[in-house]
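Here is how the chains run, residue by residue.
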Amino acid sequence: MAAGIPRPPLDATGIVLSSLCIIHCLAVPLIATGALVWVASEAIHIGLTIALAGVVVLVAWPGYRLHRRVSVPAMLVGGLVVLVVAILSDDPLGEYAETSLTVFGSAMLTAGHLLNLRCSRIRR
């Protein structure tokens, strides 16, 4: 593969991390035991967002340079922004607002990575 072309494993990594965000946020309300309290930790939310940010940085620009579709990096960056807003929010609407934002942002990231893979394959 030529330099600067997005590598499918990075998009796959983004898809897996985004899916973990969704699973984490949907599972937290269902956790009833103290033994699994680490799953509800805000540190996991922050850590996944940082990892996703790294993947977005590595695939958004090279993907755009390959397929020239602004919608792909816009969706990736938009999803990341929604995740950051969820982390930084003071939760004026409660836990459901943060969960909804995180699931929405993660879904945007997953869709963005899938679209990046599809557009990159079509262009090659």
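Summary of the structure given here. Being a predicted model, the structure only gives us computed values, none of them experimental.

What follows is about the overall build of the chain. If you tally the helices and strands in the chain, you get 4 helices and 0 strands. For the chain, the N- to C-terminal ordering of α and β elements is α-α-α-α. Taking all 124 residues of the chain together, 36% fall into the buried category. Taking all contacts inside the chain whose residues are at least 6 apart in sequence as the whole, residues at least 24 apart take part in 78%. Accessible surface, the chain: about 6900 Å² in total, of which carbon and sulfur atoms supply 72%.

Burial of nonpolar side chains together is a common tendency in soluble globular proteins. Among the nonpolar cores identified, the biggest contains 15 residues, and Leu17, Leu52, Val56, Leu76 and Leu109 are the most heavily contacted of them. Of all elements in the fold, only α1 (8-27), α2 (42-67), α3 (71-88) and α4 (95-123) reach the threshold of two or more residues within this core. Looking at which element gives the most residues to this core, the answer is α2, with 6 residues.

Now for the environment of Leu76. Residue placement: Leu76 occurs in helix α3. When the C-alpha atoms of Leu76 and Val55 are compared, they prove to be 9.7 Å apart, with 21 residues separating the residues in sequence. Among residues more than four places away in sequence, those in contact with Leu76 are Val56, Val59, Ala60, Leu109, Gly112 and His113.

Let's shift gears to α2. Spanning 26 residues, α2 covers 36 Å between terminal C-alpha atoms, matching the ideal 38 Å at 1.5 Å per step. Along α2, the helix axis deviates most sharply at Val56, where the bend reaches about 25°. Listed as buried for α2 are His45, Leu48, Thr49, Leu52, Val55, Val56, Val59, Ala60, Pro62, Gly63, Leu66 and His67. Positive backbone phi, at 55°, marks Arg68, one or two positions downstream of α2.

The next subject is a nonpolar patch on the surface. The grouping of Val77, Val81, Val85 and Leu101 at the surface amounts to a nonpolar patch, some 290 Å² of accessible area in total. Here the nonpolar patch takes 3 residues from α3, the largest share from any one element. Mapped onto the secondary structure, Val81 falls in helix α3.

At 3.6 residues per turn, the α-helix brings residues three or four places apart onto the same side. Here α3 is 18 residues long and its end C-alpha atoms lie 25 Å apart, about the 26 Å a rise of 1.5 Å per residue gives. Those residues of α3 not exposed but buried are Val72, Pro73, Leu76, Gly79, Leu80, Val82, Leu83 and Ala86.

Rules behind the numbers
- Residues numbered from 1 in each chain as written.
- Predicted model: local features only at pLDDT ≥ 70, side-chain atom pairs only at ≥ 80, totals over all residues.
- Heavy atoms only, no water.
- Helix = DSSP H or I, 4+ residues; strand = E, 2+ residues; numbered from the N terminus.
- Buried < 20%, exposed > 50% of the residue type's maximum accessible area, 1.4 Å probe, protein only.
- Contact = heavy atoms within 4.5 Å.
- Areas by Shrake-Rupley, 256 points an atom, 1.4 Å probe, with all protein chains shown as cover.
- Core = buried A, V, L, I, M, F, W, Y, C linked by side-chain atoms within 4.5 Å.
- Expected span 1.5 Å × (residues − 1).
- Bend = angle between axes of the 7 residues up to and from the residue.
- Patch = residues over 30% accessible without salt bridge, like charges linked within 9 Å, V, L, I, M, F, W, Y side chains within 5 Å.
- Salt bridge = Lys/Arg side-chain N within 4 Å of Asp/Glu carboxyl O.

Nothing here speaks to function; it is geometry throughout.
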